[in-house]
Protein chains: 2
Amino acid sequence: MIILVDLDDVLADFDGGFYKEWKRRHPDKFIVPPDKRTKFYLREEMPDEYKDLITEIIITEGFIESLPEIEGGKQAIYQMEEMGYNVFICTSPFRNYKYCVTEKYKWVEIHLGKDWVNKLILTNDKTLVNGNYLIDDKPEITGCVIPRWEHILYDRSYNRHIKEKRRLNWNNWKEIISPNNK
Amino acid sequence: MIILVDLDDVLADFDGGFYKEWKRRHPDKFIVPPDKRTKFYLREEMPDEYKDLITEIIITEGFIESLPEIEGGKQAIYQMEEMGYNVFICTSPFRNYKYCVTEKYKWVEIHLGKDWVNKLILTNDKTLVNGNYLIDDKPEITGCVIPRWEHILYDRSYNRHIKEKRRLNWNNWKEIISPNNK
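None of the values given here were measured: they were computed from a predicted structure.

Counted by the stated rule, this structure contains zero disulfides over all chains. Counting only cysteine sulfurs, Cys90(B) is the nearest neighbor of Cys144(A), a cysteine outside any disulfide, at a range of 12 Å. By relative accessible area, Cys144(A) is classed as partly exposed at 33%.

What follows is the structure, encoded as structure tokens:
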């Protein structure tokens, strides 16, 4: 059994890291806090005039590398491996890849350990990657083929309008991901 | 139809770039020239005492980015796309990813164009990626699942002992990759 796990906002706290940095750089400019978000893309959540400011933050050297962990994520994937599942981290880089790609590798090495670097898959089209499950916070995942995996939503406020997919978080994942629960 | 194409020694002339740099740095030390190679890994081809010198070159900043093109490769994948095939570049990074991963993206942007950056897939396990064909110079490609693609060897001296797989180069690929020739 192969489980693909997304990185940003599933294992790495992208949204939390961004929010903190936004508050530091622009304390006078209101943005929606992580738990109140209703749109997947930050740029869709914020006023148009903030777009460049958003991009400035996320492409800054060190931003990706310094993202905090989502609590429980690391423990969950370690446990999955102990249970005999084969876990891979499946993530899409930004179009501006200058710091992003290397820092995703660094993040995985620092937070998950050196062995996990070999389990990192970078692709803009996740439908091409085989697995039984893809745990991902993005509401809809499209690509050039019909994927073999079941998309299980990592529960976030901005994907709660999706009713037809199963969802989990790192507190209840064992109720969802189990060999008897497919 | 999805065609996965390897990067090093298929589109980018890794071996040629390495050989040139080796001659420059170590003109007194013989190594097997690219067209006489019999082993896939450089380190298996060379005396043990050269191993660290080999690594030094390939992890140098700028080495991957400055690799020349394999003649005909770019034209071949452009033509495949024109013929309606969906081409993705599927490549495995070094364990030492410091410069390698970003430079693979840069190489693709510089040599193939910005749109191709979205068609780059980085993975250490290519069996997980779906496609009809994988064009790759590595003699045997293993991973955690039985791949869906047919491995077509990109013809190199060090994979000629493999007889049971079809092979191609950028001069004759149209004879091998065709909708009528599966």
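Residues and elements named next belong to chain B. In a regular helix each residue adds 1.5 Å, so twelve residues correspond to 16 Å; helix H1 (residues 14-25) covers 16 Å between its end C-alpha atoms and thus fits that length. Listed in full, the buried residues belonging to H1 are Phe 14, Asp 15, Gly 16, Gly 17, Phe 18, Glu 21 and Trp 22. Of the surrounding elements, those touching the buried residues of H1 are helix H2 (42-45) and helix H3 (51-58).

This model, assessed by the stated rule, comprises 40 salt bridges over all chains. For Asp48(B), the salt bridge is made with Lys51(B), and the minimal N-O distance between the two is 3.1 Å. Judged by its relative accessible area of 33%, Lys51(B) is partly exposed. Across the salt bridge formed by Lys74(B) and Glu69(B), the nearest N and O atoms sit 3.4 Å from each other. Taking the relative accessible area as the measure of exposure, Lys74(B) reaches 22% and is therefore partly exposed. A cluster of three or more residues bridged by salt bridges with shared partners is formed by Asp9(A), Asp15(A), Arg37(A), Glu45(A) and Arg156(A).

Right, let's get into the environment of Arg25(B). Residue and element names in this part refer to chain B. The residue Arg 25 is located in helix H1 in this model. Residue classification places Arg 25 among the partly exposed residues on the basis of a relative accessible area of 30%. In this structure, the C-alpha to C-alpha distance between Arg 25 and Val 145, residues 120 residues apart in sequence, is 41 Å. Beyond its immediate sequence surroundings of up to four residues, Arg 25 is in contact with Glu 56, Ile 57 and Thr 60. In terms of polar contacts, Arg 25 uses its side chain to reach the side chain of Glu 21, at 2.8 Å.

All names here are of chain A. The side-chain alternation of strand S4 (residues 133-136) yields two buried faces, one formed by Tyr 133 and Ile 135 and the other by Leu 134 and Asp 136. Pairing geometry for strand S1 (residues 2-5) and S4, over three bridges, is parallel. Within S4, the position partnered with Val 5 by the bridge is Ile 135. Both S4 and strand S5 (residues 150-154) contribute to a ladder of four bridges, which runs parallel. Within S5, the position partnered with Ile 135 by the bridge is Ile 152.

Time to look at the nonpolar core. Formed by 96 residues in total, the largest nonpolar core has its most connected members in Ile135(A), Trp170(A), Ile135(B) and Trp170(B). Apart from the residues within four sequence positions on either side, Ile135(B) is in contact with Ile3(B), Leu4(B), Val5(B), Asp6(B), Val10(B), Met80(B), Ile152(B), Tyr154(B), Leu168(B), Trp170(B) and Ile177(B).

Now for the domain arrangement of chain A. Residue and element names in this part refer to chain A. Entries for chain A in the domain assignment read domain 1 (2-12 + 68-176) and domain 2 (14-58). Taken together, the contact pairs eleven residues of domain 1 with twelve residues of domain 2. Summing both partners gives a buried area of about 900 Å² for domain 1 against domain 2, and 61% of it is carried by carbon and sulfur. Across the contact surface, domain 1 and domain 2 share one salt bridge. Between Arg 156 and Asp 15 there is a salt bridge whose closest N-O contact spans 3.4 Å. For the interface between domain 1 and domain 2, the tally reads seven residue pairs in polar contact (both at pLDDT 80 or more). Grouping the constituent residues of the side of domain 1 that touches domain 2 by class yields five nonpolar, one polar and five charged.

Rules used in this analysis
Residues numbered from 1 in each chain as written. Chains lettered and ligands numbered in written order. Predicted model: local features only at pLDDT ≥ 70, side-chain atom pairs only at ≥ 80, totals over all residues. Heavy atoms only, no water. Disulfide = S-S within 2.5 Å. Buried < 20%, exposed > 50% of the residue type's maximum accessible area, 1.4 Å probe, protein only. Helix = DSSP H or I, 4+ residues; strand = E, 2+ residues; numbered from the N terminus. Expected span 1.5 Å × (residues − 1). Contact = heavy atoms within 4.5 Å. Salt bridge = Lys/Arg side-chain N within 4 Å of Asp/Glu carboxyl O. Polar contact = N/O pair within 3.5 Å; in protein donor to acceptor, adjacent residues only side chain to side chain. Pairing = 2+ DSSP bridges. Core = buried A, V, L, I, M, F, W, Y, C linked by side-chain atoms within 4.5 Å. Domains from an automatic or database assignment. Buried area = accessible area lost by both parts, 1.4 Å probe. Nonpolar A, V, L, I, M, F, W, Y, C, P; charged D, E, K, R; others polar.

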